[in-house]
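Here is what each chain is made of, one letter per residue.
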Amino acid sequence: MTDLDQLTQSLARNLKHWRAERNFTLDALAARSGVSRGMIIQIEQARTNPSVGTTVKLADALGISIATLLDYEQGPRVRTVSEEQAVTMWSTAAGSHTSLLIGAEGPGPLELWDWRIEPGDSSVSDPHPAGTTELLRVTSGVLTLVVDGDEYAVPAGTAAAFESNVRHQYRNDGSEPVTMTMAVAVPPVR
């Protein structure tokens, strides 16, 4: 079984688990997430590999982190994730990529991400649930952060925080790669 097959099976199992845990019907989850009922059925039957955007929408609607949606099995109180175990969620042919380093459940999901964006590449994100906050720190290059249409230059050594309940984008307009670490905190499902 390939890594992608394992990820597909884990996502199918966990989506069913968390939908049942929240007592959401297929229609209720579709309405909350904006993901079609048919797509949710395909994911739960491990017949498709959804996009990162679809996976984020489902996790947000369930009020859990992407890490939890991909594998909810809980181990000891301290959980470590090696570099090889980090899940690559987005990549481009140019070499840009994001890796979900680790996630946790607290009052709401909390995720830690590692990003690399090559010159000319960008990643667009749909709005997250109200109250979702993103914190990031650029470690090399200059990130162009676009939040609700407004652009912000975030150079290496600089941190930024914003509410991500609006469309946002991470873009590299420079000539060197942008690397950054990002934390995402999602409010609990009410």
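Just so you know, the residues in each chain are numbered from 1, in the order the chain's sequence is written. With pLDDT at 70 or above as the cut-off, local features in this predicted model cover only qualifying residues; side-chain atom pairs require 80 or more to be listed or tallied, and sums for whole chains, interfaces and linings still use all residues. With hydrogens and water stripped out, all remaining heavy atoms of the structure feed into the side-chain values.

A. How the structure looks around the side chain of Thr98. Only DSSP runs of H or I covering at least 4 residues are called helices, and only runs of E covering at least 2 are called strands; the numbering of each starts at the N terminus. Relative to the elements of secondary structure, Thr98 occurs in strand S2 (residues 97-105). If sequence neighbours within four positions are ignored, Thr98 has contacts with Val87, Thr88, Met89, Trp90, Trp113, Asp114 and Trp115. Contacts are assigned to residue pairs that have any heavy atoms within 4.5 Å of one another.

B. Region of the structure containing the sheet that holds strand S7 (residues 150-155). Should DSSP find at least two bridges between two strands, the strands are regarded as paired. Spatial ordering of the open sheet is given by S4-S9-S6-S7, a layout of 4 strands whose pairing is antiparallel. Looking at strand neighbours, the two that pair on one side only are strand S4 (122-125) and S7, the edges of this open sheet. Within this sheet the neighbouring strands show an average axis-to-axis angle of 15°, counted without direction. As paired elements, strand S6 (residues 142-147) and S7 share 6 bridges and run antiparallel to each other. The residue bridging Val147 from the neighbouring strand is Asp150, located in S7. The convention used is that axes are lines fitted to C-alpha atoms, helices contributing only their stretch in contact, and that angles between N-to-C directions extend from 0 to 180 degrees.

C. Seen up close, helix H4 (residues 52-62). Relative accessibility thresholds used throughout: buried, under 20% of the residue-type maximum; exposed, over 50%; partly exposed, between the two (1.4 Å probe, protein chains only). With 8 of 11 residues buried, H4 lies mostly within the body of the structure. Among the residues of H4, those classed as buried are Thr54, Thr55, Val56, Leu58, Ala59, Asp60, Ala61 and Leu62. Looking at the buried positions of H4, the neighbouring elements they touch are helix H1 (3-21), helix H2 (26-33), helix H3 (37-44), helix H5 (66-70) and strand S1 (87-91). Directly after H4, the chain includes Gly63, whose backbone phi takes a positive value near 75°.

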